[in-house]
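Reading the structure
If you want the building blocks of each chain, they are given just below.
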Amino acid sequence: MGQNTKTVTDMSFDADVLSSDKPVLVDFWAEWCGPCKALAPTLDAIAQDFDGRLTVAKANLDEAGDAANKAGVRTIPLLVLFEGGKEKARWTRGNAPKAVLQEWLEGQL
């Protein structure tokens, strides 16, 4: 886990994501997923760049399986942007360069 990202589980998902007063980008991932691991440093950097505007949360499917099911996760890595307790956007294209993800996020915020 990166130093700038927040770990969420089924127990903390509602409080940390759905009840957050700022947007939360949730990375649904798993330990066995190579592209998920490759995306992690990029998301940590994005969390630092967007500090104060956005929280980047990591939801490991082994610890947040119920939350993943509720969010309709079918493939990983999957990034879902929540705002005001509702899904606002999702990134389904897997790993991407930091600049591409930043541009996508800027368009959503």
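These numbers come from a predicted model, not from an experiment.

**Some details on the pattern of salt bridges**
Close approach of charged atoms lets side chains of opposite charge pair. Taken as a whole and assessed by the stated rule, the structure comprises seven salt bridges. In this structure, Glu31 engages Lys37 in a salt bridge whose closest nitrogen and oxygen atoms are separated by 3.2 Å. By relative accessible area, which is 45% here, Glu31 ends up partly exposed. One salt bridge connects Arg53 with Glu106, and the closest N-O pair in it is separated by 3.1 Å. One end of the pair, Arg53, is in the loop between α2 (34-49) and β3 (55-60); the other, Glu106, is in helix α4 (residues 98-108), and 53 residues separate them in sequence.

**Some thoughts on the pairing of strand β4 (residues 78-83)**
Of all six residues in β4, five are buried; the element is thus mostly enclosed. Here strand β2 (residues 24-29) runs beside β4; their pairing, made up of five bridges, is antiparallel. Within the sheet, the bridge partner assigned to Leu25 lies in β4 and is Leu81. Direction of pairing for β4 relative to strand β5 (residues 86-91): antiparallel, over a ladder of five bridges. In the strand pairing of β5, Glu83 is matched with Lys86. Where β4 folds back on β5, the antiparallel hairpin that results is connected by two residues, among which Gly84 adopts a positive phi of roughly 60°.

Reading guide: rules and limits
- Residues numbered from 1 in each chain as written.
- Predicted model: local features only at pLDDT ≥ 70, side-chain atom pairs only at ≥ 80, totals over all residues.
- Heavy atoms only, no water.
- Salt bridge = Lys/Arg side-chain N within 4 Å of Asp/Glu carboxyl O.
- Buried < 20%, exposed > 50% of the residue type's maximum accessible area, 1.4 Å probe, protein only.
- Helix = DSSP H or I, 4+ residues; strand = E, 2+ residues; numbered from the N terminus.
- Pairing = 2+ DSSP bridges.

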